[in-house]
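# Reading the structure
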2 protein chains.
Amino acid sequence: MADEKLPTRAQDFSEWYNQLVLKAQLADYAPVRGCMVVRPYGWALWENIQQALDRRFKATGHQNVAFPMLIPKSFIEKEKSHVEGFSPELAVVTIGGGEELTEPLVIRPTSETIIGHMWSKWIQSYRDLPVLMNQWNSVIRWELRTKLFLRTLEFYWQEGHTAHATREEAEAETRQMLDIYTDFAVNDAAIPVIPGKKSDAEKFAGAQTTYSIEAMMGDGKALQAGTSHFLGQNFAQAFEVRYLDQNGQLQHCWTTSWGLSTRFIGAIIMVHGDDQGLVLPPKLAPYQAVIVPIYKTDEEKAAVLGVARQMKAGLVQAEIRTVLDEREGFSPGWKFNDWEMRGVPVRIELGPKDVAKQAAVLARRDRPGREGKTSVAVVELVPAVVRLLDDIQKALHERALAFRQAHTRQAQSYDELKGAVENGFASAFWCGSADCEAAIKEETRATMRCIPLEGQTEQGICVKCGKPAVARAIFARAY
Amino acid sequence: MADEKLPTRAQDFSEWYNQLVLKAQLADYAPVRGCMVVRPYGWALWENIQQALDRRFKATGHQNVAFPMLIPKSFIEKEKSHVEGFSPELAVVTIGGGEELTEPLVIRPTSETIIGHMWSKWIQSYRDLPVLMNQWNSVIRWELRTKLFLRTLEFYWQEGHTAHATREEAEAETRQMLDIYTDFAVNDAAIPVIPGKKSDAEKFAGAQTTYSIEAMMGDGKALQAGTSHFLGQNFAQAFEVRYLDQNGQLQHCWTTSWGLSTRFIGAIIMVHGDDQGLVLPPKLAPYQAVIVPIYKTDEEKAAVLGVARQMKAGLVQAEIRTVLDEREGFSPGWKFNDWEMRGVPVRIELGPKDVAKQAAVLARRDRPGREGKTSVAVVELVPAVVRLLDDIQKALHERALAFRQAHTRQAQSYDELKGAVENGFASAFWCGSADCEAAIKEETRATMRCIPLEGQTEQGICVKCGKPAVARAIFARAY
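Per-chain numbering applies: the sequence of each chain, read as written, is numbered from 1 onward. The naming scheme follows written order: chains are lettered A onward, ligands numbered 1 onward. Note on the predicted model: pLDDT of at least 70 is required for a residue's local features to be given, and 80 or more for side-chain atom pairs to be given and counted; whole-chain, interface and lining totals, by contrast, use all residues.

## Side note on the overall build of chain A
Put simply, the test is: The way it works is that DSSP assigns letters per residue, a run of H or I at least four long becomes a helix, a run of E at least two long becomes a strand, and they are numbered from the N terminus. Each radius of gyration reported is based on C-alpha atoms, and the globular scaling rule is 2.2 Å times the count of residues to the power 0.38. Here exposure depends only on C-beta density: within 10 Å of a residue's C-beta, 20 or more other C-beta atoms make it buried, 12 or fewer make it exposed, and intermediate numbers make it partly exposed, the C-beta atoms being placed from the backbone. It is the C-beta atoms, placed from the backbone, that decide contacts: two residues are in contact if theirs lie within 7 Å.
When you go through chain A residue by residue, the secondary structure sums to 14 helices and 23 strands. For 479 residues, the compact-globule estimate of 2.2 N^0.38 gives 23 Å, and the C-alpha radius of gyration of chain A, at 25 Å, lies within 12% of that figure. Each principal axis of the C-alpha distribution contributes one length, and for chain A these read about 80 × 60 × 45 Å. Per-residue burial for chain A yields a buried fraction of 51% across its 479 residues. Summarising the internal contacts of chain A: among those between residues at least 6 apart in sequence, 68% fall at separations of at least 24.

## A word on the sheet that holds strand β8 (residues 154–164) of chain B
Residue and element names in this part refer to chain B. How we decide: DSSP bridges decide pairing: two strands pair if at least two such bridges lie between them.
Read from one edge of the open sheet, eleven strands run β3-β7-β8-β14-β11-β10-β9-β22-β23-β21-β20, paired in mixed fashion. Of all the strands in the sheet, the pair left with one neighbour each is β3 (63–64) and β20 (408–410). Here two bridges tie strand β9 (residues 194–197) to strand β22 (residues 447–452), and the two strands are oriented antiparallel to one another. Its bridge partner being in β22, glycine 196 is matched across the sheet by proline 452.

## Structural notes on the environment of Lys203(A)
Residue and element names in this part refer to chain A. Summarising the element assignment, lysine 203 is placed in the loop between β9 (194–197) and β10 (209–216). You can call lysine 203 buried: it has 20 C-beta atoms within 10 Å. Aside from chain neighbours lying at most four places away, what touches lysine 203 is Lys198, Thr209 and Thr210.

## With respect to the interface of chain A and chain B
So the rule is basically this: For this classification, Asp, Glu, Lys and Arg are treated as charged, while Ala, Val, Leu, Ile, Met, Phe, Trp, Tyr, Cys and Pro are nonpolar and the rest, including Gly, are polar.
Each partner contributes to the interface: chain A provides 40 residues, whereas chain B provides 39 residues. The element contributing the most residues to the side of chain A that touches chain B is strand β5 (residues 91–96) of chain A, with six residues. Taken together, the residues of the side of chain A that touches chain B break down into 27 nonpolar, eight polar and five charged. By the bridge criterion, five bridges tie β5(A) to strand β5 (residues 91–96) of chain B in an arrangement that is antiparallel. Considered in β5(B), the bridge of Ala91(A) is made with Gly96(B).

## Some points on helix α14 (residues 434–444) of chain B
Note: α-helices contain 3.6 residues per turn, so residues at a spacing of three or four share the same orientation. All names here are of chain B. Cut-off, in case you're wondering: Within this analysis, the arc is defined by the directions that extend from the helix axis to the C-beta atoms.
Listing the buried residues of α14 in full gives Cys436, Glu437 and Ile440. Across the axial projection of α14, the buried residues extend over an arc of 100°, all falling on one side. Facing away from the buried side of α14 by over 90 degrees, the exposed positions are Ala434, Asp435 and Glu442. Note on α14: the residue one or two positions beyond its end, arginine 445, has a positive phi of about 60°.

## Examining the relation of the copies chain A and chain B
In plain terms, the rule: Overlaid copies result from least-squares superposition on C-alpha atoms, with residues included only where pLDDT is at least 70 in both.
Mapping chain A onto chain B is achieved by rotating through 180° and translating by 0.0 Å along the same axis, at an RMSD of 0.0 Å. Between the two chains, the operation in question is that of a two-fold axis. Ranked by how close their C-alpha atoms come to the rotation axis, the residues of chain A are headed by Val93(A), at 2.1 Å. Both copies contact each other with a shared surface, as 98% of the interface residues of chain A are interface residues in chain B too.

## Examining the domain arrangement of chain A
Inclusion rule: All the domain ranges listed were derived from an automatic or database domain assignment.
Split by domain assignment, chain A resolves into domain 1 (13–272), domain 2 (289–388) and domain 3 (409–476). Each of domain 1 of chain A and domain 2 of chain A was reduced to a C-alpha centroid, and the two centroids are 40 Å apart.

## Observations concerning the pairing of strand β21 (residues 425–430) of chain B
Residue and element names in this part refer to chain B. How we decide: Seen with the strands pointing away from the viewer, any crossover whose path from the first strand over the helix to the second strand runs clockwise is right-handed.
In terms of burial, β21 is a largely internal element, five of the six residues being buried. After leaving β20, the chain enters helix α13 (residues 414–420) and then returns to the sheet as β21, a path that is right-handed. Here β21 runs beside strand β23 (residues 471–476); their pairing, made up of five bridges, is antiparallel. Following the sheet pairing, alanine 428 is matched in β23 by alanine 473.

## What about the pairing of β8(B)?
Residues and elements named next belong to chain B. Burial of β8 is extensive: ten of the eleven residues sit out of reach of the surface. Across ten bridges, strand β7 (residues 131–140) lies against β8 in antiparallel orientation. Counterpart to glutamine 135 in the pairing with β8 is glutamate 159. As defined by bridge partners, β8 adjoins strand β14 (residues 254–261) across eight bridges and the pair is classed as antiparallel. Among the inter-strand pairings, histidine 164 is bridged to a residue of β14, identified as tryptophan 254.

## Looking at the confidence of the model for chain A
For clarity, the threshold we go by: Think of pLDDT as the predictor's per-residue confidence, scored from 0 to 100.
Of all residues in chain A, 99% have pLDDT values of 70 or greater, and the mean over the chain is 96. Here the predicted complex carries an ipTM of 0.96, next to a pTM of 0.97.

## Points about helix α9 (residues 298–317) of chain A
All names here are of chain A. To be explicit about the condition: Helix span, expected: 1.5 Å multiplied by one less than the number of residues in the helix.
Counted at 1.5 Å a residue, the expected span for α9 with its 20 residues is 28 Å, and the 28 Å between its end C-alpha atoms agrees. The complete set of buried residues in α9 reads Val304, Ala308, Met311 and Leu315. Relative to the axis of α9, the buried residues are bounded by an arc of 60° and lie together on one face. Turned more than 90 degrees from where α9 packs its buried face, Asp298, Glu299, Ala302, Gly306, Gln310, Ala313 and Gln317 sit exposed. Close packing links the buried residues of α9 with β15 (289–293), β16 (322–324), β17 (346–350), α11 (352–357) and α12 (381–406). Phi turns positive, to about 60°, at glutamate 319, one or two residues after α9.

Below, the structure written as structure tokens:
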């Protein structure tokens with residue numbers, strides 16, 4: 001666990017990440033290439049993400065459902081751009097119950113097609129609309145280059161799917177869900193994100209418009225952390241999802257889909273983590289506080305553990321997720337390092353001297369060394385920890401935002417763009433042509449991440465071709 | 001929805017069930033044979049089941065994880081009885097990313113094998129034990145005869161997996177989880193169950209001992225509603241799951257697994273449902289109370305809806321899951337039938353006269369007609385609903401228990417057993433031989449459900465062969 005040191009981020013960011021995921025026991029490699037096992041600590045983090053999102057989905061009227069994982073292969077082929085996008089990535093079941101299947105089945109890479117098929121049965125009239133659904137599941141996409149959490153053959157996510165009577169409603173839904181992802185990222189994960197619109201080259205296979213939230217990782221690269229798609233009538237037409245309107249006319253529905261996956265865990269690691277390991281945002285951390293007892297003699301042990309257990313009970317009662325590290329055979333210093341590596345926001349150190357003073361030492365994970373330590377009276381512990389968690393939550397967001405600002409350049413020229421994407425984002429004018437976008441990608445390995453929703457009214461000339469720009473866009477190398 | 005009448009249970013229990021699942025919009029048939037779509041109302045019920053169980057799992061120290069759905073086919077073949085049991089039921093992926101796979105992969109039918117493989121990496125020392133894991137997921141078993149919720153190719157469940165240093169600890173875990181299932185069934189689902197031990201013929205493929213909880217459905221048939229397996233060292237040996245004990249000796253672990261699936265929803269339907277439709281136990285019902293407003297004029301509507309919305313707010317604040325049916329174009333009577341069919345425990349009727357009296361009518365779902373109705377003052381509504389939900393929860397359990405008792409016979413002879421299993425359970429002495437068990441199954445279509453954990457000390461002679469009995473067992477036809 002904490003015995004071997006991580007490489008520093010400056011030495012090798014990618015290797016720092018890979019080793020940290022394993023060391024912190026977030027996940028491990030599965031026997032099938034490109035698949036992962038999410039271990040208890042990683043899954044507890046995902047459950048907190050799930051709850052934070054699910055609460056928001058339900059508050060906006062969405063209901064959870066479960067569509068099956070097996071989809072007839074022919075379904076994928078009904079929507080033209082969908083099949084082009086997903087065909088190369090499919091896992092295909094050809095044998096079931098010992099017999100060759102007459103029609104091969106695919107494991108869902110996403111569920112628009114099977115949901116479209118069922119909606120065509122369920123939706124009859126305008127009275128049935130809107131349909132607002134979400135499901136928590138896993139999907140499979142046969143990726144070649146994989147990395148734990150960031151890109152795995154099977155990954156966990158939620159996929160929301162909605163059907164509406166009008167284009168306007170569907171567009172509003174698409175934007176509402178993007179706002180919900182933004183709110184979650186900023187307020188729960190302490191990750192500043194740029195909500196924006198994808199280029200045609202980067203949009204979802206089958207979407208009319210794709211929006212995403214883009215975050216900057218600790219190495220200056222971008223990570224698409226959630227997407228919301230306006231699907232127009234593409235899937236409604238492919239699957240005959242129609243309703244009788246108030247005038248008795250048959251109309252195609254307008255649909256949306258939106259998803260956020262376990263790759264978000266990768267974002268949390270790479271945005272907040274430091275050379276000591278994970279730094280978890282308090283609102284999502286599996287453990288918000290860890291109590292490390294310090295003692296030498298049996299007498300000290302009895303006294304310290306007595307107080308420590310009372311502390312834990314008090315914190316748990318105040319709904320602070322708390323662990324008391326009573327492991328035998330490990331020194332306090334080793335435990336400090338171990339919990340630091342696992343990113344627990346607040347460490348509570350309690351030794352015989354603290355017990356005598358009826359006090360404890362609080363150490364905040366986001367500030368190393370003495371600077372992050374304060375002494376607090378035992379009677380004041382709970383409110384002090386509550387305040388500290390709140391401070392840390394805010395400080396993490398501020399630090400990440402400052403980092404992103406320091407690593408984002410308004411690129412006036414193509415050379416400036418090239419320089420900027422070496423270690424951050426370039427914000428640059430773009431003419432809107434796929435050719436310029438492709439050339440930039442080819443020459444700089446940076447992709448157009450999005451056209452930010454804010455500040456779309458500026459005017460300028462394309463950083464690549466010099467023609468009038470349609471918008472300012474964010475370019476970056478990306479995960 | 002409520003427009004076509006269900007067949008009565010007496011007319012055709014099986015068809016009553018099939019139609020009710022569709023009408024209540026719990027689930028629907030998927031395009032792939034034998035798969036189902038769980039619709040919002042069904043999934044909300046499953047989420048409540050999940051929470052009720054997950055709380056208990058966590059309180060007993062279990063942690064959730066996610067092992068991948070794809071397993072190398074060779075893994076399944078490592079444990080002898082496991083492969084015999086599951087090989088005929090596998091879904092096999094032979095193509096991934098457009099290419100034939102060198103080793104075929106199976107979609108998990110259950111996860112003992114892949115978990116064993118990972119444990120062999122993670123578990124080193126007695127300090128790492130016990131390992132207490134659970135996962136919520138879906139699995140696939142290629143069944144031939146399927147029925148919504150009861151037997152589907154893909155089904156949703158939780159599968160718990162634990163590893164221990166000693167046989168005693170693993171056996172205690174197996175029994176603890178059986179107790180948790182029993183407690184959940186009785187106290188949350190209001191379903192009386194018989195916890196007991198399975199015969200060798202009926203046990204899990206790879207288990208040393210299988211325990212189950214068995215429930216009686218409304219037609220007298222049995223349904224296995226949850227299972228807990230003591231796996232001995234079978235999987236630990238097949239996958240080399242070993243630990244260094246305190247003396248530095250390498251030992252194989254002792255493991256368990258236990259599961260409860262969406263078939264439990266089938267049990268809830270068939271235990272409590274009546275000819276009008278579902279009757280949901282209050283603790284698990286997606287909606288515990290429905291408010292149906294009654295009005296004719298616009299003036300009445302305004303007055304009634306005003307009070308109804310206040311009522312809903314008060315109930316929701318008291319954490320009672322409440323829906324206010326404001327749908328236009330449906331009569332109150334139609335709404336009564338619709339919500340009755342959907343099994344909402346308490347209906348609150350509110351018309352202009354009630355508003356004038358500052359009262360409302362409460363109708364309990366488990367008692368039809370006038371007998372189940374009471375009037376309550378609006379100011380007393382919340383405590384009255386809380387009490388009523390509690391009453392209904394208890395009454396449902398009592399009714400189901402009385403039904404089971406009325407349909408269970410102590411069969412002294414084989415003829416009595418034959419008679420008993422026509423519409424219920426036979427409790428009969430059994431010599432322990434697989435031959436007698438097989439003959440009974442062949443001749444009566446009743447299987448040995450379990451040897452109940454209670455009352456194992458009685459003595460008698462086998463109902464089939466007349467030899468000395470090893471135990472009293474429950475025989476029944478089963479789903």
